[in-house]
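Single-letter residue listing:
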Amino acid sequence: MDESTQKKSFLKKIIAIILGFGPGIFAIGYTIGTGSVTSMIVAGSKFNMDLLWVLFLSCLFSRNFDVCLRKLWINNM
């Protein structure tokens, strides 16, 4: 393979990865909110992995909150 074919192949792989993640990123931005996503990116760039425990707690509390709301919603039907 010549160099131009390798560059095109690499570019196609990058485009495929971006297209694979793209819809998910937009769905996260819509669900969570673009301000929250931006804040997470800024915090990650400033503090690196030091705030990973906050993400874990956030997921834990969000899951518990979601379960409670679903039970409340089902009981009130």
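The model shown is predicted, which means the values in this text are computed figures rather than measured ones.

J.: Looking at this structure, how should I read the overall build of the chain?
T.: Check the secondary structure of the chain and you find three helices and zero strands. For the chain, the α and β elements follow one another from N to C terminus as α-α-α. Out of the 77 residues belonging to the chain, those deemed buried represent 4%. Per element, the accessible surface of the chain, about 7300 Å² overall, is 71% carbon and sulfur.

J.: Just to check I follow, could you spell out a nonpolar patch on the surface for this structure?
T.: Together, Phe47, Leu51, Trp53, Val54, Phe56, Leu57, Leu60 and Phe61 make up an exposed nonpolar region whose accessible area comes to about 780 Å². A per-element tally of the nonpolar patch places helix α3 (residues 52-75) first, with six residues. The partly exposed category is assigned to Phe47, whose relative accessible area is 43%.

J.: I'm lost on the pattern of salt bridges in this one. Help?
T.: Two side chains of opposite charge can pair, provided their charged atoms sit close to one another. One pass over the full model with this rule turns up one salt bridge. The residue Asp66 makes a salt bridge to Arg70 at a minimum N-O spacing of 3.2 Å. Linking Asp66 with Arg70, this pair stays in helix α3, spanning four residues, or about one helical turn.

J.: Would you mind showing me how to read unusual backbone geometry here?
T.: Phi angles above zero are rare outside glycine, and Asn48 is one such case at about 55°. Its place among the elements puts Asn48 in the loop between α2 (34-47) and α3.

J.: Before we go on, may I ask you to explain the confidence of the model for the chain in this structure?
T.: Residues shown with low pLDDT carry predicted positions that ought not to be read at fine detail. Confidence along the chain averages 77 in pLDDT terms, with 74% of residues attaining 70 or more. The lowest-confidence element of the chain is helix α1 (residues 3-32), averaging 73 in pLDDT; the highest-confidence one is α3, averaging 82.

So, how was this worked out
- Residues numbered from 1 in each chain as written.
- Predicted model: local features only at pLDDT ≥ 70, side-chain atom pairs only at ≥ 80, totals over all residues.
- Heavy atoms only, no water.
- Helix = DSSP H or I, 4+ residues; strand = E, 2+ residues; numbered from the N terminus.
- Buried < 20%, exposed > 50% of the residue type's maximum accessible area, 1.4 Å probe, protein only.
- Areas by Shrake-Rupley, 256 points an atom, 1.4 Å probe, with all protein chains shown as cover.
- Patch = residues over 30% accessible without salt bridge, like charges linked within 9 Å, V, L, I, M, F, W, Y side chains within 5 Å.
- Salt bridge = Lys/Arg side-chain N within 4 Å of Asp/Glu carboxyl O.
- pLDDT = per-residue confidence, 0-100.

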